[in-house]
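Structure assessment
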Amino acid sequence: MRWGRHLPRTSWGSGLGAALQSADERIPFLIHWSWPLKGKLPLGLPRAFIRHRGSSAGSGPPSRSHGQLFQGISACEAVQRHRQNLAEWFSRLPREERQFGPTFALDTVHVDPVIRESTPDELLRPPTQLALEHQHPVAGLPPLALSQLFDPDACGRRVQTVVLYGTVGTGKSTLVRKMVLDWCYGRLPAFELLIPFSCEDLSSLGSAPASLCQLVAQRYTSLKESLPLMAAAGSRLLFVLHGLERLNLDFRLAGTGLCSDPEEPEAPAAIVVNLLRKYMLPEASILVTTRPSAIGRIPSKYVGRYGEICGFSDTNLQKLYFQLRLNQPDCGYGAGSAGVSATPAQRDSLVQMLSRNLEGHHQIAAACFLPSYCWLVCATLHFLHAPTPPGQTLTSIYTSFLRLNFSGEMLDSTDPSKLSLMAYAARTMGKLAYEGVASRKTYFSEEDVRGCLEAGLKTEEEFQLLHVFRRDALRFFLAPCVEQDHRGTFVFTVPAMQEYLAALYIVLGLRKTTLQRVGKEVAELVGRVGEDVSLVLGIVAKLLPLRALPLLFNLLKVVPRVFGRIVGKSREAVAQAMVLEMFREEDYYNDDVLDQMGASILGVEGPRRHPDEPPDDEVFELFPMFMGGLLSAHNRAVLAQLGCPIKTLDALENAQAIKKKLGKLGRQVLPPSELLDHLFFHYEFQNQRFSAEVLSSLHQLNLAGVRMTPLKCAVVAAVLGSGGRALDEVNLASCQLDPAGLHTLMPVFLRARKLGLQLNSLGPEACGVLRDLLLHDQCQMTTLRLSNNPLTAAGVALLVEGLAGNSSLTHLSLLHTGLGDEGLQLLAAQLDRNRQLQELNVAYNGAGDTAALALAQAARDHPSLELLHLYFNELSSEGRQALRDLGGTAKGGARVVVSLTEGSAVSEYWSVILSEVQRNLNSWDWGRVRCHLDLLLRDLEDSRGATLNPWRKAQLLRVEGEVRALLEQLGGPGS
């Protein structure tokens, strides 16, 4: 995850975005997108994205009539209903797209990918390398706009058939969707009728005969009465055939006979062949989209123009895409009922940071060449910086991303094995990814890539599948490295994808040792033979003295069990490697894994490394997170749709092995960032019972210094919010928390006995959340530290309401919270409503003599208060003396701490005062602290001059030395 490690560190304001995918929308868009009028409609696929050069035709207003063909009232109404039905169907967006705002729609926000015109000679030229480099438009051939696809060619000939091809992720599906919407809204005046077909839908019909008219009528019932007019439509009729690679086309006359009658029943593939031959409806226009490997299925003599969809080869297109996506109004998902919406300034800041990274760091620009990865970047940013709905995980985003690009995709529809494209990628790219994680490298030579792709290939069919994968999908996973020091190598398109594929390779059980591969076959064979032979010999032994032989063959039954233990040991070894990766001491000084991911996208410099660690060592802390996430039930269900099923038994055994190792290593005390990574692993796993058992030994939650974004608050609340056992201490000091974060973490706070919220810039609004916490009937908190937060008197007014109804709190620290006289007066007036408080710290609050004396008087009368801290307030010498006298005359009342001395002796709380000063020097005003220390130093000198006791003098001198050392540290004279 080191996209942007060399760029300057910048800041990010929290609160952007909304949620992504939900489990109820898993139906891929283009499986049945040509059935818009039947039953419940599945939602759409956001494979690629938006278009910036305008619509697919001229920008003129919609035509009022439909030309000369459909002039009859019934025909016009039929076509108009067809437009409305298509518009409604193709405008439906999945939740993955709706995250970009309630106003987001493809027909209003679109950026064209670059389309480069190519020739048959280029298509037939064999690749000399790994086919990873993108071709830029050739000089003299400007990129094509969609409105130019059917323009006459260079020789002036009319173009009737256009083939658009592109690798996985370049935007074929969204291009078709937008083109259909343009026609529906009258922005394609060249065509009076547009009929889209999904080739996947047609292939599902097999060889069942049906006429072209039947196919159209079944899918678009509004056109049923107008079908006889199709033949007369000529070039103003446009067929869109999406995903031609899913159809097996045979253009030989011996394989597919000629047919010109649209009402003649034929196999769907035969109808498509005759349409492309221009034997059926010869004047009709046809647009075909396909993957590169299937281009040759259509003879070039039937194609008028080839266009390669090249994605976003221009960085400006990428910037425009991000600007349009990320500047949409948020949907306002929130944790619980506390929704957080990004401000326009925050959205602009995000876009600017991303734009700077695209300009200064070319590897992320190379990744965003594919519009699909632009979507993944936006989705990841929403996940990182916005409250997420329950169940949304980083693993589910990546799994959903692969589902949107590979769902239903076969590697080669002509191959009898019908192997899923994603399954092939998991086996080959997963192997490369895992070998990189195991050897801690992210740069791969061409030999490394070839070794993983060609490993174990023996037959011609296997080499043909490899050829298809290289042409269609290899560029989706790998990209040439653009870093100067690593020219000629390859990297995974996004760094986290390497760790995801490595984890997928493991959980699918694709990593097998030689012993496992051979042993499994031998064990199954021996087990079967042993059962048969022992049965036969058991019968024979009753007649002959061969009783020892059945015993020998019974031993053969043990072989499968021995092999099972070997597999179990292998799972334990994988779990051990995963846990060790999670708890590597070398990574203890890194940011948490979520900050690392955000840094790689937004251009913030990469993870901080241990000083003794080699500079080129790679960090793979997402690998164990993805392993846990892939074992969750939701992700296993989605992977099964992709042809990568994970058996429930295997998932359980892997989980048991991981739990065993986590139980041993998870008890150690972890730094805050590593502890958050541990919790994030459990969040990805989405198994409360598993997490409760593993985290049962966690008694202290120390996340001090971790920047608690809305996502991190949701992670901690989801993992620790439902446990029954109390947490001894929760330390969230310096975490940049806000009231929404406090609300999200409420379930965790209810489990805490001690809660530290120092240095979080919490204001009066946060006190409302804390009041609700104190009044909750399940609150068991005894200590609450709120020092160094600008609570002010308005916040204390809310806190005293909580104190009045709370029966558990005994220690409250309001040190340096800006209370002033008003705040102390409020506390003095309401203190008697609480009967359990034992210690109250209101030091360094700018209060004067009157307010301090009033609070001290209330503390003296309190039945349980034992200690009141009032030092570093704006007290006069007379006020300090009055407070000392009040504390000295109190019988059984609270002790009042105002100075380092008590009479002529050192106060027993002197170390508490100085340690508070030392701990808070970085956040306090040094000038004010010096003034207060000078006063304390004078008190010490006066007390030393007033006593003759040598022991007391020695103690006073020692404390004076401590004070002078602090003054010197603050730049004072020390005397």
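Let us look at the structure shown here. Owing to the predicted nature of the structure, the values given are computational and were not obtained by experimental measurement.

1. A few points about the sheet that holds strand E3 (residues 193-198)
Paired through backbone hydrogen bonds, the strands of a sheet run either parallel or antiparallel to each other. Spatial strand order, E1-E6-E2-E5-E4-E3: six strands in an open sheet with mixed pairing. What marks the edges here is a single partner per strand, and that holds for strand E1 (114-118) and E3. Pairwise comparison of adjacent strand axes, ignoring direction, gives a mean angle of 20 degrees for this sheet. Both strand E2 (residues 161-165) and strand E5 (residues 285-290) contribute to a ladder of five bridges, which runs parallel. Residue pairing for E5: Leu-164 is matched across the bridge by Thr-289.

2. As for the nonpolar core
Of all hydrophobic cores here, the largest spans 180 residues; its most connected members are Tyr-398, Phe-469, Leu-757 and Leu-870. Sort the elements by how many residues they give to this core and helix H13 (residues 421-438) lands first, with eleven residues. By size, the runner-up hydrophobic cluster in this structure holds 70 residues, among which are Leu-86, Leu-144, Met-230 and Ala-284.

3. What about the pattern of salt bridges?
All told, the structure shown has 39 salt bridges when counted by the stated rule. Among the salt bridges present, the one from Asp-861 reaches Arg-860, with a minimum N-O distance of 3.8 Å. On the accessibility criterion, Arg-860 (32% relative accessible area) is partly exposed. A salt bridge links Arg-884 to Asp-939; the nearest nitrogen and oxygen atoms lie 3.4 Å apart. On the criterion of sequence distance, the pair formed by Arg-884 in helix H34 (residues 877-889) and Asp-939 in helix H36 (residues 926-946) is long-range, its members being 55 residues apart. Judged by relative accessible area, Arg-884 falls into the partly exposed class, the value being 21%. On the basis of relative accessibility, which here comes to 11%, the residue Asp-939 falls in the buried class. A cluster of three or more residues bridged by salt bridges with shared partners is formed by Glu-200, Arg-246, Arg-291, Glu-409 and Asp-472.

4. Things to note about the sheet that holds strand E16 (residues 839-841)
Taking strand neighbours across the sheet as the criterion, the eight strands line up as E11-E12-E13-E14-E15-E16-E17-E18 in an open arrangement whose pairing is parallel. A single partner strand is all that each edge strand has here, and the edge strands are strand E11 (700-702) and strand E18 (895-897). Mean inter-strand twist for the sheet, computed between neighbouring axes without regard to direction, equals 10 degrees. Pairing between E11 and strand E12 (residues 727-731): three bridges, direction parallel. Bridge pairing in E12 places Gln-700 opposite Glu-729.

5. Quick look at the environment of Leu-773
Note on placement: Leu-773 falls in helix H30 (residues 764-775). Owing to a relative accessible area of 1%, Leu-773 belongs among the buried residues under this scheme. Taking C-alpha positions, Leu-773 is 7.3 Å from Leu-750, a pair spaced 23 residues apart along the chain. Sequence-distant contacts of Leu-773, defined by excluding residues within four places in its chain, comprise Met-746, Phe-749, Leu-750, Leu-755, Cys-779 and Met-781.

6. A look at the packing of H30 against helix H31 (residues 792-805)
Viewed as axis vectors pointing N to C, H30 and H31 meet at an angle of 5 degrees, and their least axial separation amounts to 8 Å. One finds that H30 runs roughly parallel with respect to H31. Contacts between H30 and H31 involve Pro-764, Cys-767, Gly-768, Leu-770, Arg-771, Leu-774 and Leu-775 from the first element and Thr-792, Ala-794, Gly-795, Leu-798, Leu-799, Glu-801, Gly-802, Leu-803 and Gly-805 from the second. Counted by class, the contact of H30 with H31 contains nine nonpolar, five polar and two charged residues.

7. Examining H30
The end-to-end C-alpha distance of H30, which contains twelve residues, comes to 17 Å, matching closely the 16 Å that a straight helix rising 1.5 Å per residue would cover. Residues of H30 that are buried include every one of Ala-766, Cys-767, Gly-768, Val-769, Leu-770, Leu-773 and Leu-774, and no others. The elements touched by buried residues of H30 are helix H28 (739-744), helix H29 (746-749), strand E13 (752-756) and H31.

Here is what the cut-offs are and how they apply
- Residues numbered from 1 in each chain as written.
- Predicted model: local features only at pLDDT ≥ 70, side-chain atom pairs only at ≥ 80, totals over all residues.
- Heavy atoms only, no water.
- Pairing = 2+ DSSP bridges.
- Helix = DSSP H or I, 4+ residues; strand = E, 2+ residues; numbered from the N terminus.
- Axes fitted to C-alpha atoms, helices over the stretch in contact; angles between N-to-C directions.
- Core = buried A, V, L, I, M, F, W, Y, C linked by side-chain atoms within 4.5 Å.
- Buried < 20%, exposed > 50% of the residue type's maximum accessible area, 1.4 Å probe, protein only.
- Salt bridge = Lys/Arg side-chain N within 4 Å of Asp/Glu carboxyl O.
- Contact = heavy atoms within 4.5 Å.
- Parallel < 35°, antiparallel > 145°, perpendicular 65-115°, else oblique.
- Nonpolar A, V, L, I, M, F, W, Y, C, P; charged D, E, K, R; others polar.
- Expected span 1.5 Å × (residues − 1).

Function cannot be inferred from these measures alone, as they are strictly geometric.
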